[in-house]
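Summary of structural features
Spelled out from the first residue to the last, the chains are:
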Amino acid sequence: MHKVIIIGSGPGGHTAAIYAARANLSPVMIEGIVRGGVAGGQLMITTEVENYPGFPEGIKGPEMMELFKKQSERFGTKIISADVERVDFSKRPFKLYTDEQEYVAQTVIVATGARARWLDLPNEQKLQNHGVSACATCDGYFFRNMDVAVVGGGDTAMEEANYLAGLCKSVTVIHRRSELRASKIMAERALKNPKIKFVWDSAVADVHDVSQNKVNAITLENLKTGAKSKLAVEGLFIAIGHTPNTDLFQGQLELDENGYVKTKPGTTQTSVEGVFAAGDVQDHVYRQAVTAAGTGCMAAIEAERFLATHE
Ligand code: NDP
């Protein structure tokens with residue numbers, strides 16, 4: 001029987017682990033081996049992190065996660081390299097199953113994160129972090145006074161386009177239809193911005209140039225006429241949505257219409273008493289390492305208080 005099990009090993013999970021360990025809760029973290037065996041969440045596929053306070057010179061995403069992990073372990077977090085395959089939150093104590101073992105816990109902190117959706121272009125992954133990004137807040141700064149493109153027609157795409165317009169020379173939004181999905185207010189703001197152009201009914205067919213290890217153009221395809229054209233840009237921001245990693249919790253925790261874990265406003269409490277959620281798995285708005293860490297801290301404090309009142 002464990003007091004706290006944390007599922008996930010991004011900034012949310014590790015911050016929860018540090019706080020839980022320092023509160024003497026001997027946390028166990030099941031770190032996940034998704035993405036071909038790499039734990040650590042989305043920062044593991046990020047090069048420079050320049051917006052996490054405390055690192056004035058910036059730090060590489062994987063290096064940062066190594067430091068998070070060391071700090072969790074320093075205070076006694078037990079880290080298990082496995083994926084949780086199934087959970088039973090129907091009654092306390094909660095049960096979690098990996099392919100090899102069953103774990104029993106009084107409280108659980110869900111920190112499984114979300115993943116950006118990609119277009120699956122031939123060169124997209126090769127140029128990730130070299131001009132292809134899924135986060136304008138994280139990477140926009142590297143494209144100051146440059147021409148960039150944003151793909152998508154939802155609120156995220158509009159928000160990214162508006163943000164980038166404040167930094168870049170020009171922003172071209174590429175949308176596969178002639179109508180935006182974004183809310184009226186966000187769409188209007190983007191449509192009115194003189195720095196933002198729109199290319200309608202079009203898809204990005206590929207991004208170039210792998211031989212230079214940087215983005216210098218994209219190939220566009222007009223989906224109505226089939227005509228192809230090239231657009232010179234130095235950055236390509238994919239903003240076609242995120243998928244929260246919540247398959248595991250279907251039928252166990254209340255999820256919102258986009259699949260994110262629902263939490264009580266201002267807390268990390270889920271629909272099941274004793275189960276808390278931290279980081280991007282419950283946040284489709286901010287999606288930052290520092291906000292994930294903040295909610296990880298909250299989840300550990302709430303778990304500790306829950307245990308104190310229920311023991
Ligand atoms: P959405 O699912 O709302 O939008 C995704 C967009 O990407 C759509 O325009 C969609 O096109 C397009 N798209 C999807 N797949 C592809 C593809 N393979 N190729 C090209 N285009 C594609 O996701 P968002 O991330 O924008 O928003 C998710 C939720 O979060 C929404 O509820 C949104 O309102 C909310 N949100 C709110 C914000 C705010 O209020 N500040 C900020 C950000 C998000 P199509 O329209 O044709 O389907």
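Rules and cut-offs
- Residues numbered from 1 in each chain as written.
- Predicted model: local features only at pLDDT ≥ 70, side-chain atom pairs only at ≥ 80, totals over all residues.
- Heavy atoms only, no water.
- Domains from an automatic or database assignment.
- Contact = heavy atoms within 4.5 Å.
- Buried area = accessible area lost by both parts, 1.4 Å probe.
- Polar contact = N/O pair within 3.5 Å; in protein donor to acceptor, adjacent residues only side chain to side chain.
- Nonpolar A, V, L, I, M, F, W, Y, C, P; charged D, E, K, R; others polar.
- Helix = DSSP H or I, 4+ residues; strand = E, 2+ residues; numbered from the N terminus.
- Buried < 20%, exposed > 50% of the residue type's maximum accessible area, 1.4 Å probe, protein only.
- Salt bridge = Lys/Arg side-chain N within 4 Å of Asp/Glu carboxyl O.
- Near = heavy atom within 4 Å.
- Areas by Shrake-Rupley, 256 points an atom, 1.4 Å probe, with all protein chains shown as cover.
- Pairing = 2+ DSSP bridges.
- Axes fitted to C-alpha atoms, helices over the stretch in contact; angles between N-to-C directions.
- Left-handed = near helix turned anticlockwise from the far one by under 90°.
- Phe/Tyr/Trp six-rings, centres within 6.5 Å; stacked < 30°, edge-to-face > 60°.
- Lys NZ or Arg CZ within 6 Å of the ring centre and 35° of its normal.

**Observations regarding the domain arrangement of the protein**
- By the assigned domains, the protein splits into domain 1 (2-116 + 242-310) and domain 2 (122-238).
- Centre-to-centre, using C-alpha coordinates, domain 1 lies 31 Å away from domain 2.
- Each partner contributes to the interface: domain 1 provides 10 residues, whereas domain 2 provides 9 residues.
- When the two sides are added together, the surface that domain 1 and domain 2 hide from each other amounts to roughly 740 Å², 46% of it contributed by carbon and sulfur.
- Viewed at the interface, domain 2 and domain 1 are joined by 0 residue pairs in polar contact (both at pLDDT 80 or more).
- Its residues placed into classes, the side of domain 1 that touches domain 2 shows 2 nonpolar, 5 polar and 3 charged.

**Brief notes about the environment of N129**
- Looking at the secondary structure, you find N129 in the loop between β9 (114-116) and β10 (132-133).
- N129 sits in the partly exposed class, given a relative accessible area of 26%.
- Each C-alpha atom of the pair N129 and K214 lies 8.8 Å from the other, and the pair is 85 residues apart in sequence.
- Excluding anything up to four places from it in sequence, N129 contacts I45, T46 and T47.

**Description of the pattern of salt bridges**
- Evaluation of the coordinates by the stated rule reveals 6 salt bridges.
- The partner of K224 in a salt bridge is D201, and the shortest N-O contact between them spans 3.7 Å. Residue K224 is located in the loop between β15 (217-222) and β16 (228-231), and its partner D201 is located in the loop between β13 (196-199) and β14 (202-208); the two are separated by 23 residues in the primary sequence.
- Looking at K224, the relative accessible area reads 65%, which means it is exposed.

**Considerations on the site of the ligand**
- Around the ligand, 16 residues are found, and the nearest of them are D155, T156, R176, R177 and R181.
- For the ligand, an oxygen atom lies 3.0 Å from a polar atom in the backbone of G153.
- E159 is positioned with one of its side-chain polar atoms (N or O) 3.0 Å from a nitrogen atom of the ligand.
- About the coverage of the ligand: the protein hides 73% of its 910 Å² of free accessible area.
- Looking at the shell around the ligand, the element that brings in the most residues is helix α5 (residues 155-165), giving 3 residues.
- Partitioned by chemical class, the residues of the shell around the ligand number 3 nonpolar, 8 polar and 5 charged.

**A look at the sheet that holds strand β12 (residues 170-174)**
- Spatial strand order, β10-β17-β11-β12-β13: 5 strands in an open sheet with parallel pairing. Only two strands of the sheet have a single partner each, and these edge strands are β10 and β13.
- The pairing of strand β11 (residues 147-151) with strand β17 (residues 235-238) spans 4 bridges and is classified as parallel. Pairing of V148 across the sheet is with G235, part of β17.

**Digging into the packing of helix α1 (residues 11-22) against helix α7 (residues 289-310)**
- For the pair α1 and α7, interaxial distance at closest approach is 7 Å and the crossing angle is 35 degrees. The way α1 lies across α7 gives a crossing that is right-handed. Note on element contacts: α7 touches α1 through A289, A292, A293, G296, C297, A300 and I301, opposite P11, G12, T15, A16, Y19 and A20.
- In terms of residue class, the contact of α1 with α7 is made up of 10 nonpolar, 3 polar and no charged.

**Quick look at the packing of aromatic side chains**
- Tallied over the entire structure, the rule returns 7 aromatic pairs.
- Centre to centre, the rings of Y52 and F68 are 6.0 Å apart; their planes meet at 80 degrees, and the pair counts as edge-to-face. Placement of the pair is Y52 in the loop between β3 (48-49) and β4 (59-60) and F68 in helix α3 (residues 61-74), with a sequence separation of 16 residues.
- Residue classification places Y52 among the buried positions, given a relative accessible area of 15%.
- For F68, a relative accessible area of 9% puts it in the buried group.
- With 6.3 Å between their ring centres and 75 degrees between their planes, F276 and F306 make a pair best called edge-to-face. With F276 in strand β19 (residues 275-277) and F306 in helix α7, the pair connects residues that are 30 residues apart, well separated along the chain. The two residues F276 and F306 agree in class, both being buried.
- One aromatic cluster in this structure is built from Y52, F55 and F68.
- A cation sits over an aromatic face here: R86 above Y97, 4.1 Å from the ring centre.
- Here the guanidinium or amino end of R144 rests over the ring plane of Y141, the centre of that ring lying 3.8 Å away.

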